[in-house]
Amino acid sequence: MKRTLLLFCFFGSFFYARSQSYFGFRDDNFAGIQSALFNPSNIVDSKYKADVTFVSVSGTGQNDLYGVNFANILDGGYDLDTQASRNFKSNNRGNFNADIMGPSVMFNITPLHSVALFTRVRSVTNLVGINGQLIDEVNKDVNASDNFLIAGGNPNGVSNSWAEIGASYATVLFDRDDHFVKGGITLKYLMAGVNGYINGNDLNVAFTKNEANPSLSEYYSTGTIKTAASYDYANGNDPKFDMGSAGVGVDLGFTYEYRTNCHSCAGNRYKFKAAASITDIGKLNYKNIVENTYNITGRVTQARY
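Values in this document were obtained by computation on a predicted structure and should not be read as measured data. (Residues numbered from 1 in each chain as written. Predicted model: local features only at pLDDT ≥ 70, side-chain atom pairs only at ≥ 80, totals over all residues. Heavy atoms only, no water.)

Before going further, it helps to examine the environment of Ser46. Topologically, Ser46 is positioned in the loop between helix 1 (2-13) and strand 1 (50-53). Sequence-wise, Ser46 and Ser114 are 68 residues apart; in three dimensions their C-alpha atoms are separated by 8.9 Å. A polar side-chain atom of Ser46 sits 3.0 Å from the main-chain amide nitrogen of Tyr48. (Helix = DSSP H or I, 4+ residues; strand = E, 2+ residues; numbered from the N terminus. Polar contact = N/O pair within 3.5 Å; in protein donor to acceptor, adjacent residues only side chain to side chain.)

Printed below as a string of C-alpha cells:
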C-alpha cells in the first residue's frame, strides 16, 4: 500500500512537456547544425560555410495539472500547492523531453552540396490518464479531507532514452528564376538507453475519515500496477546504454523558397519559404526488459501513510 501511495505522489509531482527540442531556435536561418536535426535539407545553402558544436542542451517542460510562474520560483520560497494555478481533472497528462547534442559538424562541399555529422542523446517521457482529482485528495491534510471514493482509472507512463550517431547529406534540387528547392536525408545509428513504463489497471482509492481520531483514518485501494524497465531495477542494477540493443533511423526533408532574382543582394533572398520533413523513421529494440506486476488492493491508515 505504501508503494501504491508513493506512486500516486510520483504522478502528482511530475511535470508535463511537449517532445520539442531547440524550440524557437531550430527554424532560425542561423541555427546551423541544430537545424539538421529537424530538416536535413537545411544544411545546404546555409548561412554558414561550416558550423561546429561541441555540446548543446535543450529541455522542455509543460503540464496541464499545475501552472507556475518561473519568475516567482526563482525568487525562492515558492509553494506549489498554494501559489500555482491548478487544474485537477480525471485525465491529466504530462511529457518531458531532453536533448543533448555532442560533438557535431556541418560544412559545404560545394555551393550545391553539404554534409553533416552529429552525435546526440535523447530522452522522451509521457504520462497520460493521470487522475489529478485523486492526487489533490491524497495530498490534502487529513483534517481537511472528507470521505471520498475516486476511480483512479488506467494511468500510463512511458520513458525512452537513446543515443544517435547521424550522417546528413543535402543538395539543391532545383534553382531557376524565382523558384528554389533543396532536399536532404539523414541516416542514423541508434543505441538503446533506458526504456521503462508504468501502467495502472482499474485503480480505485477510497478514504474513510475517523472523526474521533484522524490518525486512524484509512485509505483503501484496489487495482494493479505494472512496472517495467530495460534493466533489472528490482535487483539494484543501474541503467546504462546497451550496445547490443541497436537500431537505425532515417530523416527526410525538403525546403521550397520563392525568391527574388537578386543574386548579389545581402541577406535572405526568399520572399517566403515552406519546408516539410519526416523524422525518426525507424526502429529500436530494447532488450532484457524486466517487468513486475503489483496487486495494490489493501488498506493503510493515515498514521502509517
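Don't stop here, the text continues.
Further remarks concern the environment of Ser41. Within the element layout of this structure, Ser41 appears in the loop between helix 1 and strand 1. For the pair Ser41 and Val115, spaced 74 residues apart in the sequence, the C-alpha separation amounts to 9.9 Å. Excluding residues within four positions of it along the chain, Ser41 makes contact with Ala170, Lys182, Gly183, Gly184, Gly253, Phe254 and Thr255. At 2.8 Å, the side chain of Ser41 forms a polar contact with the side chain of Thr255. (Contact = heavy atoms within 4.5 Å.)

In this structure, Asp45 takes a positive phi of about 55° despite not being glycine. Residue position: Asp45 is located in the loop between helix 1 and strand 1. Taking relative accessible area as the criterion, Asp45 reaches 36% and is therefore assigned partly exposed. (Buried < 20%, exposed > 50% of the residue type's maximum accessible area, 1.4 Å probe, protein only.)

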